[in-house]
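# Examining the three-dimensional arrangement
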Amino acid sequence: MTFFDVTRSTNEEGEKISIRLQGGDGTYTIQVDERNFTMNLTSPMSGAYTYVLCSRSGDWLGMDDAHIMEGMLTRDLIRQCNGVPLF
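A brief structural summary. In this text, all values refer to a predicted model and were calculated from it rather than measured experimentally. (Residues numbered from 1 in each chain as written. Predicted model: local features only at pLDDT ≥ 70, side-chain atom pairs only at ≥ 80, totals over all residues. Heavy atoms only, no water.)

What follows concerns helix α1 (residues 69-80). An α-helix turns once every 3.6 residues. As a result, residues three or four positions apart point the same way. Here α1 spans 16 Å end to end across 12 residues, near enough to the 16 Å set by a 1.5 Å rise per residue. Of all the residues in α1, the buried ones are Met69, Met72, Leu73, Asp76 and Gln80. In an axial view of α1, the angular spread of the buried residues amounts to 95°, which keeps them on one side of the axis. Packing partners of the buried residues in α1 comprise β2 (15-21), β3 (27-33), β4 (38-43), β5 (47-53) and β6 (60-62). Positioned one or two residues after α1, Asn82 has a phi angle of 55°, which is positive. (Helix = DSSP H or I, 4+ residues; strand = E, 2+ residues; numbered from the N terminus. Expected span 1.5 Å × (residues − 1). Buried < 20%, exposed > 50% of the residue type's maximum accessible area, 1.4 Å probe, protein only. Arc of directions from axis to C-beta. Contact = heavy atoms within 4.5 Å.)

Shown next as structure tokens:
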């Protein structure tokens, strides 16, 4: 059973990863903007956020409130999957 499909592509901005959830539950998109050195996350749960790389910690931090991208993506997926998925 497949819970999600992951695709990776390249466009004029840079690398793009899309995670499409089963059952029409939405698509998460991570777009690397190589010109501006940023990363954009679009989530069906939280919307769109732009991140910059923190040179001290190595984390991608939200430009608006400095939250960590990995935490946002993890929380959204757990909430949307109603807990940890059974892989």
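So, on to the pattern of salt bridges. Counting across every chain of the model gives 3 salt bridges. One salt bridge connects Arg8 with Glu15, and the closest N-O pair in it is separated by 3.1 Å. Given the relative accessible area of 27%, Glu15 is considered partly exposed. Measuring nitrogen to oxygen at the nearest pair gives 3.6 Å for the salt bridge that ties Asp76 to Arg79. Here Asp76 and its partner Arg79 are both found in helix α1, 3 residues apart, which amounts to about one turn of the helix. Given a relative accessible area of 0%, Asp76 falls into the buried group. Given the relative accessible area of 47%, Arg79 is considered partly exposed. (Salt bridge = Lys/Arg side-chain N within 4 Å of Asp/Glu carboxyl O.)

Time to look at the sheet that holds β6. The strand order β1-β2-β3-β4-β5-β6 describes an open sheet built from 6 strands, whose pairing is antiparallel. Edge positions in the sheet fall to β1 (4-10) and β6, since each of these pairs with one other strand and no more. When the angles between neighbouring strand axes are averaged without regard to direction, this sheet yields 20°. (Pairing = 2+ DSSP bridges. Axes fitted to C-alpha atoms, helices over the stretch in contact; angles between N-to-C directions.)

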